[in-house]
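Single-letter residue listing:
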Amino acid sequence: MLNPVVTQISVKAATFLLAAEEAPGAEEGGGGITSSPIWPSSSEMFWGILSFTALYLLVRFVLLPPVQRIRNDRAATIQADKDAASLARSKVASASAEVEDQLAGVRGEAQVVIDEARAEAEAERQRLVGRAEREVNAMRELAATEVSTERAEALASLRPQVADLAVGAASRVTGRSMQSSSVRSKVDEYLANPSNSN
Amino acid sequence: MLGLEYPPIENLVEWPNYFGDGQIWALNKIGIISLLALIIPTVMFLVSKKELVPGGLQNIVEGVVEFIEDQVIMPAMGAQGLKYLPLLLTMFLFIFFGNLFEVIPTFQMPANARMANPLFLAVLSLVVYVSIGFKAHGFAFLKDTAWPGFVPVGLRPLVGLIELLTVFILRPFALAVRLFANMLAGHILLVTFGVLCISVFTAGIIVILLPLTFGMLVLLTAFEIFVSFLQAFVFALLTAVFIDSSLNPAH
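K.L.:
Run through a nonpolar patch on the surface, naming residues and quoting values.
P.N.:
Among the surface-exposed residues, Leu57, Phe61 and Val62 of chain A together with Ile39, Val43, Leu46 and Val47 of chain B lie close enough to one another that they form a single nonpolar patch of about 660 Å² accessible area. Note that Val62 of chain A resides in helix 2 (residues 42–174).

Here it is, written out as structure tokens:
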């Protein structure tokens, strides 16, 4: 049902597009109603040239320079920030390497100190152990001496009693008194050196 | 039929003068749009802040400049083309804002759906790239175009003729017609679907088709915004390519 309508529009549009020829003097007012839609209107071209030329001059000398300037400033700022960041990064890397070197040096020094301390400690230990051993030996010798002395004293203190017992026992066995000093001296001599008897 | 009253076709693109009838400075809707295509980008650039951390309008302004640099100049010409940024940026802005009025209510007419601006811009492009060619290579630019050394001698007259036609006529003609025809076709398409919507709305039972026609109108409006941008981009890009071909003819 719409086909005739569409056809009518199409025909009119085609006629319009193909109407390239302009009748002489058909343009009214140098830019008003013209008979051909294709033929350029001089007044429209006048305003187009005027507007374009003005826009070009404005763009070239007034409008574009500030935009370019701010873009260049931004690019320079970004580049400067990137350079600063790069510099800071390299400084951080350098400082990090320096810290690592220092740490390595400190670790070496610490190791030396540890080794020295360990050696000193070992020497001190050896010294203390030696002294302790010496003291122990001295104490042991002292104790042995004391034991020997005590033993000798004990033996010395026991000897008269043993002599008395031996003399008493011999007197009982023999049935006669052996309390003479000669017997007593022989008993003392025996007790003093039992291995030399007989 | 269906109450469809398609407007006289001339009324879609030709507008009465507001003043200056008979004078070259006669001002009509197209002239107004051309002036607005000057004023709007100027105001945008002037109003946008210039701060190191961009925001809002400054983002858009710098985005447009970067777009022309990165998507038009660098692919077509490399860094040597950056000195043509003001020209190519102006072309892009002027064409884009001239086109954009196709979808702005009360205007609804792209300035480049009239032949004046596309023709002027195409001729300007021609003058620019030919001038640059002569400036870079002197008379050799014309000689190399008319008598190309990269083809066998027997073919040089024919190829030279084709090259001359291409450089001096076909390129600017194609630039102008591409922009003009695309915008005019888009404008007629929008008018057609607008008229269809009105007609279907007043045609009884056929009103059930209104969502379809109106949906198409909305879609085409969005599409025409894209076309406005695309045509501005293509025009600037081709101008950059032509300038580069003048600077480096061997390419």
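K.L.:
Talk me through helix 2 (residues 57–77) of chain B; I want residue IDs and the actual numbers.
P.N.:
With 21 residues, helix 2 of chain B extends 28 Å between its outermost C-alpha atoms, agreeing within 8% with the 30 Å of an ideal straight helix rising 1.5 Å per residue. Roughly 25 degrees is the biggest bend found in helix 2 of chain B, and it falls at Glu69 of chain B. Buried within helix 2 of chain B are the following residues: Gln58, Val61, Glu62, Val64, Val65, Ile68, Glu69, Val72, Ile73, Ala76 and Met77 of chain B. The inward-facing, buried residues of helix 2 of chain B contact helix 2 of chain A together with helix 1 (29–47), helix 3 (85–100) and helix 7 (210–247) of chain B. Positive phi shows up at Gly78 of chain B, right after helix 2 of chain B, with a value of about 75 degrees.

K.L.:
Got a sec to walk through the confidence of the model for chain B? Specific residues and values, please.
P.N.:
Averaged over chain B, the pLDDT score is 91; the fraction of residues at 70 or greater is 96%. We note a pTM of 0.72 for the whole complex and an ipTM of 0.93 for its interfaces.

K.L.:
Account for the confidence of the model for chain A, naming residues and giving values.
P.N.:
Confidence along chain A averages 80 in pLDDT terms, with 79% of residues attaining 70 or more. Segment residues 13–34 of chain A: pLDDT under 50, and 55 contacts once partners within four positions in sequence are set aside and those in other chains are kept.

K.L.:
Report on the environment of Asn17 of chain B, specifying residues and quantitative values.
P.N.:
Residues and elements named next belong to chain B. Along the chain, Asn17 falls in the segment before helix 1. Since its relative accessible area comes to 15%, Asn17 is described here as buried. Separated by ten residues in sequence, Asn17 and Leu27 place their C-alpha atoms 5.3 Å apart. A polar contact is formed between the side chain of Asn17 and the side chain of Asp21, at a distance of 2.7 Å.

Basis of the calculations
Residues numbered from 1 in each chain as written. Chains lettered and ligands numbered in written order. Predicted model: local features only at pLDDT ≥ 70, side-chain atom pairs only at ≥ 80, totals over all residues. Heavy atoms only, no water. Patch = residues over 30% accessible without salt bridge, like charges linked within 9 Å, V, L, I, M, F, W, Y side chains within 5 Å. Areas by Shrake-Rupley, 256 points an atom, 1.4 Å probe, with all protein chains shown as cover. Salt bridge = Lys/Arg side-chain N within 4 Å of Asp/Glu carboxyl O. Helix = DSSP H or I, 4+ residues; strand = E, 2+ residues; numbered from the N terminus. Expected span 1.5 Å × (residues − 1). Bend = angle between axes of the 7 residues up to and from the residue. Buried < 20%, exposed > 50% of the residue type's maximum accessible area, 1.4 Å probe, protein only. Contact = heavy atoms within 4.5 Å. pLDDT = per-residue confidence, 0-100. Polar contact = N/O pair within 3.5 Å; in protein donor to acceptor, adjacent residues only side chain to side chain.

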